[in-house]
Every structure is written in C-alpha cells, then in structure tokens.
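Analysis of the macromolecular model
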Amino acid sequence: MSHTREKRFHTRCQQEVYGQVKSYLDELVDDYFDDAEHCDFYLKYGSTVLEISIEPFEEDDAVIDILAFCVQGVEPSFELMQELLRLNSELPLGGFSLVNKNIFFSHSFLGRRLIGEQLIASLNSVATTSDEYDGKLVARYGGETALDHIRSDAQRQRKAAKAAEN
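What comes next is a walk through the structure. (Residues numbered from 1 in each chain as written. Predicted model: local features only at pLDDT ≥ 70, side-chain atom pairs only at ≥ 80, totals over all residues. Heavy atoms only, no water.)

**Things to note about the pattern of salt bridges**
Evaluated as defined, the whole model comprises 8 salt bridges. Across the pair D60 and R112 runs a salt bridge whose closest N-O atoms are separated by 3.7 Å. Placement of the pair is D60 in the loop between strand 3 (48-57) and strand 4 (61-72) and R112 in the loop between strand 6 (102-110) and helix 3 (116-141), with a sequence separation of 52 residues. For D60, a relative accessible area of 42% corresponds to the partly exposed category. For R112, a relative accessible area of 36% gives the class partly exposed. Salt-bridge contacts for E83 lead to R86; the nearest nitrogen and oxygen are separated by 2.7 Å. Residue E83 and its partner R86 are both found in helix 2 (residues 78-90); the two are separated by 3 residues, about one turn of the helix. Take E83: its relative accessible area is 15%, and that puts it in the buried class. According to the relative accessible area criterion, R86 is partly exposed, its value standing at 36%. Residues joined in a network through salt bridges with shared partners are E83, R86, E90 and R140. (Salt bridge = Lys/Arg side-chain N within 4 Å of Asp/Glu carboxyl O. Helix = DSSP H or I, 4+ residues; strand = E, 2+ residues; numbered from the N terminus. Buried < 20%, exposed > 50% of the residue type's maximum accessible area, 1.4 Å probe, protein only.)

This is the structure in structure tokens:
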C-alpha cells in the first residue's frame, strides 16, 4: 500500500505560493515531478533539468528559486571560475554557481504577488540559458550535461541490475 507524504509548509504564504506554482505548472507543462516532502517541482527542458523550490521568506512572503542542473562532474579550476564569473557579469537574469563538481544556473524572486507570465519568463530564461551554455561548458571544461548524467546513471543501474540477475 502506498501512501502520499504530507507536504510540510513553514508559513501560510509558502503554502499559497506553492499552490499557485502548482496550478501554473498544471496548465503549462505536460510532465513534471512534485517532490512531496520538500515542496519542490522538477521538470526536463532541453538538455537540462529544472528544480523549482518555494521557501518561506519572513512571515508574509516566499522565495521561488528556479535552478537548472547545468553540468555535473566537472573538475573545478581557476579558468572555470573566471568563465562563470564573466558569464554572470554579462547575463541579465540569474547566475551560475559551482558546488563541488556541479554547475548550476539559477534565478530567485519573491512569489507572494506571482503572475503566470513572471513564472513562465523565469522558467524560460533559466532553462534557455542553461541549455545554451551546458554543452559549451562541457566541451571546454569536461563533465556532462544533466540529461546525459541522468542517462548515464540509468545505464549503470540497468547494467548493475542485469549483473545481479546473473
């Protein structure tokens, strides 16, 4: 028997913004994953995977963070850091970050007065920017795009399952 985990909201506003985002996604996107425990959404866009997080901000607002898993398994280097900082200075919206061996691109904004067009524009901007730069960054600095990483993991899991059967 499967049971659904209850979503944990910290404020009423976070819950309301979560509901608005879910409603917009239901209208706009064919397929997405709703992480029941963390109040996050995940969806695929081009060669990237997007995470939409809704976090409380004070008592009367919530922050919507749209994060693209851009490149995974890259070796950090001084040149890579310089390139990410250069790109951040040129891009009008959002910014790249490097955490361990993973490059992300994200944009955050307040959600209490969210309108659909704002969410669409932010999703499109983050996804398009990540999709535009992930291949370039992989070609120059190594690693793999988020989608390639997911495919590689799936292949490894299938091989491991097959080996366990034998």
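After that view of the structure, there is still more to cover.
**Examining the layout of surface pockets**
Looking at the largest pocket, its volume works out to about 170 Å³. What lines the largest pocket is L28, V29, D31, L43, K44, Y45, I120, L123 and N124. Of all elements in the fold, only strand 2 (40-45) and helix 3 reach the threshold of two or more residues within the lining of the largest pocket. The residue makeup of the lining of the largest pocket, split by class, is 6 nonpolar, 1 polar and 2 charged. (1 Å grid on protein atoms, 1.4 Å probe; cavity = no way out; pocket = protein on both sides within 12 Å on 5 of 7 lines; lining within 4 Å. Points joined across faces, edges and corners; volume = space filled by probe spheres on them. Nonpolar A, V, L, I, M, F, W, Y, C, P; charged D, E, K, R; others polar.)

**Notes on helix 2**
In an α-helix, one turn spans 3.6 residues, which is why side chains three or four residues apart end up on the same side. The end-to-end C-alpha separation of helix 2 is 19 Å, in line with the 18 Å expected for 13 residues at 1.5 Å each. All buried positions along helix 2 are accounted for by L80, E83, L84 and L87. Mapping the buried residues of helix 2 onto a view down its axis gives an arc of 95 degrees, with all of them on the same face. The outward face of helix 2, more than 90 degrees from its buried face, is lined by the exposed residues F78, L85 and S89. Looking at the buried residues of helix 2, the elements they touch are strand 5 (95-99), strand 6 and helix 3. (Expected span 1.5 Å × (residues − 1). Arc of directions from axis to C-beta. Contact = heavy atoms within 4.5 Å.)

By themselves, these observations are geometric and do not establish any function.
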